[in-house]
Amino acid sequence: MKDTLHAGTTFTRRLTVDRDRTISFMGEEGRVYATPMLVRDVEHACRDLILEHADPGEDSVGMEVALRHLAPTLPGMEVEITVTVREVDRRKIAFDVSVKDELEPISAGSHTRFVVETAKTIERLKAKAEKRKARAASSA
């Protein structure tokens, strides 16, 4: 991780709430920005900010999300996600998050990500898969 990422660094992403970002369980007239999609969009904004400061072979994974979804956003509305680095603790990056649509604030909270070396993470995942496979074989 480069030393260019520090508290106060801000990134803003603008997007339009398309159909894939909306809930469907209340019918067509009840479609609004879905909370899981809001969380995903916040995570992607934070990750993209980190990647601007990451070394080759580094990426990040989410480790904590605390967001309040305060108001509905209609399909077709523009949303502005602003993420601000609150703290950099070695590889742990904490963000303050605010999200607004064209009319009002719609979300606020925090998100924390951990910077990882992609190759090492893949090796750990392979080891876990092997452990799972061995466990399944021993209980069969």
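What this report covers is the structure whose coordinates are included nearby.

Conventions adopted
- Residues numbered from 1 in each chain as written.
- Predicted model: local features only at pLDDT ≥ 70, side-chain atom pairs only at ≥ 80, totals over all residues.
- Heavy atoms only, no water.
- Helix = DSSP H or I, 4+ residues; strand = E, 2+ residues; numbered from the N terminus.
- Rg over C-alpha atoms; globule rule 2.2 N^0.38 Å.
- Buried < 20%, exposed > 50% of the residue type's maximum accessible area, 1.4 Å probe, protein only.
- Contact = heavy atoms within 4.5 Å.
- Areas by Shrake-Rupley, 256 points an atom, 1.4 Å probe, with all protein chains shown as cover.
- Lys, Arg positive; Asp, Glu negative; His and termini not counted.
- Charge placed at Lys NZ, Arg CZ, Asp CG, Glu CD.
- Core = buried A, V, L, I, M, F, W, Y, C linked by side-chain atoms within 4.5 Å.
- Pairing = 2+ DSSP bridges.
- Axes fitted to C-alpha atoms, helices over the stretch in contact; angles between N-to-C directions.
- Expected span 1.5 Å × (residues − 1).
- Salt bridge = Lys/Arg side-chain N within 4 Å of Asp/Glu carboxyl O.

**Digging into the overall build of the protein chain**
Item 1. Secondary structure summary: the protein chain contains two helices and five strands in total.
Item 2. The C-alpha radius of gyration computed for the protein chain amounts to 18 Å, which surpasses the reference 14 Å derived for 140 residues by more than 25%, pointing to a less compact arrangement than a globule.
Item 3. In terms of overall dimensions, the protein chain has a C-alpha envelope of 55 × 45 × 20 Å along the principal axes.
Item 4. Looking at the protein chain residue by residue over its 140 residues, the buried ones come to 36%.
Item 5. Taking all contacts inside the protein chain whose residues are at least 6 apart in sequence as the whole, residues at least 24 apart take part in 67%.
Item 6. As displayed, the protein chain has an accessible area near 8,700 Å², and 53% of this comes from carbon and sulfur atoms.
Item 7. For the protein chain, the centre of its 23 positive side-chain charges and the centre of its 24 negative side-chain charges are spaced 8 Å apart.

**So, the nonpolar core**
Item 1. Tyr33, Val79, Ile81, Val83, Phe95 and Val99 are the most contacted members of the largest nonpolar core, which totals 22 residues.
Item 2. Counting only elements with at least two residues in this core, the list comes to strand 1 (10-16), helix 1 (35-51), strand 3 (78-89), strand 4 (92-101) and strand 5 (105-117).
Item 3. Counting residues per element, this core draws most heavily on helix 1, at six residues.

**A closer look at the sheet that holds strand 1**
Item 1. Spatial ordering of the open sheet is given by 1-3-4-5-2, a layout of five strands whose pairing is antiparallel. Either end of the sheet is taken by a strand with one partner, and the two such strands are strand 1 and strand 2 (58-69). Adjacent strand axes in the sheet meet at a mean angle of 25°, parallel and antiparallel pairs treated alike.
Item 2. Packing against the sheet, helix 1 makes contact with strand 1, strand 2, strand 3, strand 4 and strand 5, and its axis sits at approximately 140° to strand 2.
Item 3. Contacts from helix 2 (residues 118-138) reach strand 2 and strand 5 within the one sheet, and its direction differs from that of strand 5 by about 85°.

**Some thoughts on helix 2**
Item 1. Given a rise of 1.5 Å per residue, 21 residues ought to cover 30 Å, and the 30 Å separating the end C-alpha atoms of helix 2 matches this to within 8%.
Item 2. Burial within helix 2 is sparse, with just one of its 21 residues counted as buried.

**Some words on the environment of Ser98**
Item 1. Structurally, the position occupied by Ser98 is in strand 4.
Item 2. Classification of Ser98 by relative accessible area gives partly exposed; the value is 37%.
Item 3. Sequence-wise, Ser98 and Ser110 are 12 residues apart; in three dimensions their C-alpha atoms are separated by 8.5 Å.
Item 4. The residues touching Ser98, leaving out its near neighbours within four places in the chain, are Glu80, Ile81, Thr82, Ser107 and Ala108.

**Comments concerning the pattern of salt bridges**
Item 1. Inspection of the entire model under this criterion finds 15 salt bridges.
Item 2. Note that Arg91 is salt-bridged to Glu117, the shortest N-O span being 3.4 Å. Within this pair, whereas Arg91 is found in the loop between strand 3 and strand 4, its partner Glu117 is found in strand 5, the two being separated by 26 residues in sequence.
Item 3. We classify Arg91 as partly exposed; its relative accessible area is 27%.
Item 4. Given a relative accessible area of 33%, Glu117 falls into the partly exposed group.

The values reported here are purely geometric and, on their own, carry no functional implication.
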